[in-house]
Each structure stands twice: as C-alpha cells, then as structure tokens.
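# Structure assessment
In case you want the letters, here they are:
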Amino acid sequence: MPAAPSLAPAAPASICLLRLSALGDVTHVVPLVRTLQSAWPQVRLTWVIGKGEHRLLAGLPGVDFVEYDKKTGLAGMRALGRELRQRLGEARRFDALLQMQVAARANLLSAFIPAKRRIGYDRSRSKDLHGLFVNERIPDRPGIHVLDAIGSFCEPLGLHQDRVRWDLPVPDEAREWARAQWPDDGTPTLLISPCSSHARRNWRAERMAAVADHAVSRGWRVVLCGGRSELERSTSDAILAAMHHTALDLVGKDTLKQLPALLERGQLLMTPDSGPMHIANAMGTKVLGLHAASNPARSGPYSDRRYCADRYDDAARKYLGKPAAELRWGTKIEHDGVMDLITVDDAIAAFERYCADHAPVATETR
C-alpha cells in the first residue's frame with residue numbers, strides 16, 4: 001500500500017516570541033518570523049523585545065511588539081504579564097512561547113507570559129536555570145550558527161527553516177537620508193563600524209586607520225558609522241586622527257531606522273563582532289569581520305564569511321591552551337589584548353579578497 005500522505009502541522013492561533021536583545025540577535029530572529037508567517041499566514045505573532053531593538057524592527061509586518069525595559073525589574077514583568085493577558089482576552093494563553101534568551105532576567109520574565117507550550121533551548125545551550133521555565137526544547141545540534149539555532153525553534157511546532165529571509169523594515173525616508181550622505185558616483189565604499197558591545201572585541205583604532213588608508217589608496221571611499229556612546233566617538237576620533245587620508249564621519253548621526261539603509265549603501269563593512277555586522281549581512285552587504293574573541297562560524301556574518309579576518313584558533317591556543325576545535329561551542333575569548341592577534345596585514349588581505357572577487361569583468365571588444 002502507498003504510504004499515507006504526511007499531514008501538515010496544525011496552525012497555532014498565537015505565538016509569543018521572547019528575545020529582548022541584542023541588535024544582532026534580534027536580527028537573527030527575523031528569518032524565523034518569516035518562516036512562521038510563510039507556513040501560517042494567519043498566525044498572531046507577539047514579540048517581547050527591548051526598547052532599542054524595537055526601534056530597529058518597528059514596522060515588521062504581522063508582528064505585535066511589546067517592549068520590556070529591564071530597568072523596571074519585577075514590577076515591569078508583572079505589568080507586562082497583565083498587558084499580555086489583556087491582549088489575549090478570552091484565549092487566556094498563547095498556543096506557544098518561544099523562549100529564545102537564556103539570561104536569568106529573560107528566564108524570569110518568561111514566567112509571566114501565559115502559554116500552553118513553552119519551547120526553550122536544548123540542554124547544552126541552557127544556563128541560568130533556563131530548563132525550569134520551559135517544557136519543550138529545540139534539537140541539540142552542536143556547531144551551528146546562532147541564526148540556525150534560533151531558526152530551529154520552529155521545529156517543535158512541526159516546521160523547518162529551509163530558507164533564510166530578512167527583508168528588514170526600512171522606511172523610504174531612511175533610504176533617502178542614506179542616499180544624501182555621499183554621491184552615487186560609482187566609487188566603492190568601505191564602511192567602518194569600529195565598536196562592539198564588548199570592549200575586548202574591539203580592534204585598535206590605528207589598525208583600522210591603516211586599513212582605511214589602504215582602501216582609499218585603492219580608490220575607495222571610507223565612511224565611519226556608529227552610535228552616540230562616548231567610546232564610539234573617541235574610537236572614531238582616534239581613527240580619523242591616525243588616517244593619512246580623509247573619511248566621511250557619520251558616527252552618531254544616524255538613527256536605528258537609518259542604520260540598515262546606511263549599511264545597505266556600502267560594498268563592504270569592517271567591524272568586530274557587533275550588531276551592525278549582522279544588520280549589514282541582512283541588508284546584503286559583505287562584511288570584513290574582525291574575529292579573535294569570538295568564533296565567526298558561530299557568530300560571524302551568516303551569509304558570507306569569506307572576508308573575515310579570523311584569529312579565533314590562535315586566540316584559543318594562546319589564552320586557553322587548546323585549539324578552537326576542542327573548546328565548548330560558543331566559548332568567548334574576551335581577554336585583554338586578544339584582538340591584537342589580528343594584524344593589519346590580515347585585514348588588508350581580507351579586503352583584497354573582496355576586491356579580487358568583485359573586480360569588474362573585462363569584456364572583449366571587436
């Protein structure tokens with residue numbers, strides 16, 4: 001007898017996603033949202049998210065965002081629970097909660113979210129008592145990128161993320177602002193976002209300046225971008241002071257809605273492991289990632305890591321006494337001086353790989 005046709009998983013009426021931060025990680029969640037919406041166009045998606053991350057993703061179609069401010073503590077958690085119950089009305093509970101953050105605060109917050117199914121990380125990725133707040137787990141697949149781990153949250157629901165699509169919500173006015181920052185004259189543009197959220201992942205300003213000067217000598221435009229923090233301002237000032245050529249300084253001048261449009265205009269972004277790395281990747285811009293403190297195979301630019309400067313294995317051997325292959329997946333090597341393992345020559349070689357791969361193809365004339 002022929003095998004009976006497999007039944008499509010039943011469509012849930014409502015799903016709550018819990019991922020508060022950070023910018024790069026919430027970018028990784030967007031393909032999961034697209035997967036859920038593609039399978040179940042009518043599903044009601046509610047995303048509990050941080051304030052800054054909401055500013056980046058506001059306008060994502062088909063998603064109701066609920067902000068949680070970590071400064072509000074337990075009182076804010078109770079208030080969020082009340083708001084969610086009001087939104088649910090007679091339904092009372094979400095069909096499923098996807099608990100995609102293992103930090104203690106997020107684990108506790110999840111207890112205030114009413115849900116029938118509470119899906120969390122596998123045991124190898126769990127910490128801070130995560131297992132006490134979930135009743136189902138995603139498959140345990142070691143050695144995969146963070147985006148793929150997040151994508152697997154649809155599997156307990158009977159789906160599989162076999163396509164990665166972002167389509168971040170970028171308003172027309174944000175693109176208009178980005179287009180106004182430099183002329184569209186055919187000059188390739190190297191964007192530099194010099195700072196991550198962890199100071200020990202950052203590279204020396206004078207080394208970034210040397211790579212920037214090399215790019216200018218090759219006919220490129222250099223644009224600095226970043227947020228409004230004192231560290232980002234001082235680091236960018238140090239890069240500009242060390243450069244022999246000029247660069248366009250846009251640090252602190254864009255909003256989180258304008259940032260994706262800005263990154264989209266560049267051909268290549270040089271940055272340490274950071275939110276802008278993943279936003280640029282989502283916008284289709286190639287990334288010269290600077291990796292020694294973190295493993296690019298786990299947290300580098302998802303779509304294309306050919307242009308990363310990777311000294312993670314050297315860092316593992318120097319600081320932890322073993323090769324990267326023997327470390328627990330996801331181990332950070334955030335030691336003083338670890339990023340000094342990446343040389344200027346490493347980054348210039350990565351830049352030149354990009355140039356070689358994207359050189360204009362000569363056409364024969366007759």
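In this report, the structure presented in the accompanying data block is examined. (Residues numbered from 1 in each chain as written. Predicted model: local features only at pLDDT ≥ 70, side-chain atom pairs only at ≥ 80, totals over all residues. Heavy atoms only, no water.)

## Structural notes on the pattern of salt bridges
Applying the stated criterion across every chain, the model contains 23 salt bridges. Here lysine 116 ties to aspartate 95 by a salt bridge, and the two come within 3.2 Å at their closest N and O atoms. You can see lysine 116 sitting in strand β5 (residues 115–120) and its partner aspartate 95 sitting in strand β4 (residues 94–99), a full 21 residues away along the chain. The class for lysine 116 is partly exposed, based on a relative accessible area of 44%. Among the residues examined, aspartate 95 registers a relative accessible area of 18% and is labelled buried. (Salt bridge = Lys/Arg side-chain N within 4 Å of Asp/Glu carboxyl O. Helix = DSSP H or I, 4+ residues; strand = E, 2+ residues; numbered from the N terminus. Buried < 20%, exposed > 50% of the residue type's maximum accessible area, 1.4 Å probe, protein only.)

## Digging into the packing of aromatic side chains
What the rule picks out here adds up to six aromatic pairs. Through a chain of ring-to-ring contacts, three or more aromatic side chains come together here, namely Trp220, Tyr307, Phe351 and Tyr354. (Phe/Tyr/Trp six-rings, centres within 6.5 Å; stacked < 30°, edge-to-face > 60°.)

## Description of the nonpolar core
Counting 55 residues, the largest nonpolar core has Leu36, Trp47 and Leu98 as its most contacted members. The element contributing the most residues to this core is helix α1 (residues 23–39), with six residues. Setting aside anything within four residues of it in sequence, one finds leucine 36 in contact with Ile15, Val43, Leu45, Leu98, Cys154, Leu157 and Leu159. Core analysis: the second largest hydrophobic core is formed by 38 residues, Trp220, Tyr312, Val338 and Ile348 among them. (Core = buried A, V, L, I, M, F, W, Y, C linked by side-chain atoms within 4.5 Å. Contact = heavy atoms within 4.5 Å.)

## Describing the side chain of aspartate 95
There is a polar contact of 2.6 Å between the side chain of aspartate 95 and the backbone nitrogen of alanine 13. Excluding its chain neighbours within four sequence positions, the residues that come into contact with aspartate 95 are Pro12, Ala13, Ser14, Lys116 and Arg117. (Polar contact = N/O pair within 3.5 Å; in protein donor to acceptor, adjacent residues only side chain to side chain.)

## Overview of the sheet that holds strand β6 (residues 136–137)
Across the sheet, which stays open at both edges, the six strands sit in the order β3-β2-β1-β4-β5-β6 with parallel pairing between neighbours. Each edge of the open sheet carries a strand with a single partner, namely β3 (63–67) and β6. Relative to β6, β5 runs parallel, the two sharing two bridges. Residue glycine 120 lies in a different strand from β6, and its bridge partner there is arginine 137. Set on the sheet, α1 makes contact with β1 (14–18), β2 (44–49), β3 and β4; between it and β2 the angle comes to about 170°. Its contacts with the sheet place helix α3 (residues 73–88) against β1, β2, β3 and β4, and it is angled at close to 155° to β3. (Pairing = 2+ DSSP bridges. Axes fitted to C-alpha atoms, helices over the stretch in contact; angles between N-to-C directions.)

## Focus on the sheet that holds strand β11 (residues 286–291)
Read across the open sheet, the six strands follow the order β9-β8-β7-β10-β11-β12; overall the sheet is parallel. What marks the edges here is a single partner per strand, and that holds for β9 (248–249) and β12 (309–310). Inspection of the sheet shows β11 paired to β12 by two bridges, in the parallel sense. When the sheet's bridge partners are listed, leucine 290 is paired in β12 with alanine 309. Strands in contact with helix α7 (residues 205–217) are β7 (189–192), β8 (221–224), β10 (268–272) and β11; relative to β7, the strand with the most contacts, it is inclined by about 170°.

## Re unusual backbone geometry
Of the consecutive residues serine 21 and alanine 22, the connecting peptide bond is found in the cis state with omega at -5°. A positive phi angle is found at aspartate 128, which is not glycine, with a value near 55°. Among the secondary structure elements, aspartate 128 is positioned in the loop between β5 and β6. Judged by its relative accessible area of 40%, aspartate 128 is partly exposed. Even without a glycine there, the phi angle at leucine 129 is positive, about 65°. Mapped onto the elements, leucine 129 comes out in the loop between β5 and β6.

## A closer look at helix α8 (residues 230–242)
For an α-helix the count is 3.6 residues per turn, leaving residues at separations of three or four pointing the same way. For α8, spanning 13 residues, the distance from its first C-alpha to its last is 18 Å, which sits close to the expected 18 Å at 1.5 Å a residue. Taken residue by residue, α8 has Glu232, Thr235, Ser236 and Ile239 as its buried positions. Projected down its long axis, α8 shows its buried positions confined to an angular sector of 100°, all on one face. Exposed side of α8, more than 90 degrees from the buried face: Glu230 and Ala241 are the residues found there. (Expected span 1.5 Å × (residues − 1). Arc of directions from axis to C-beta.)

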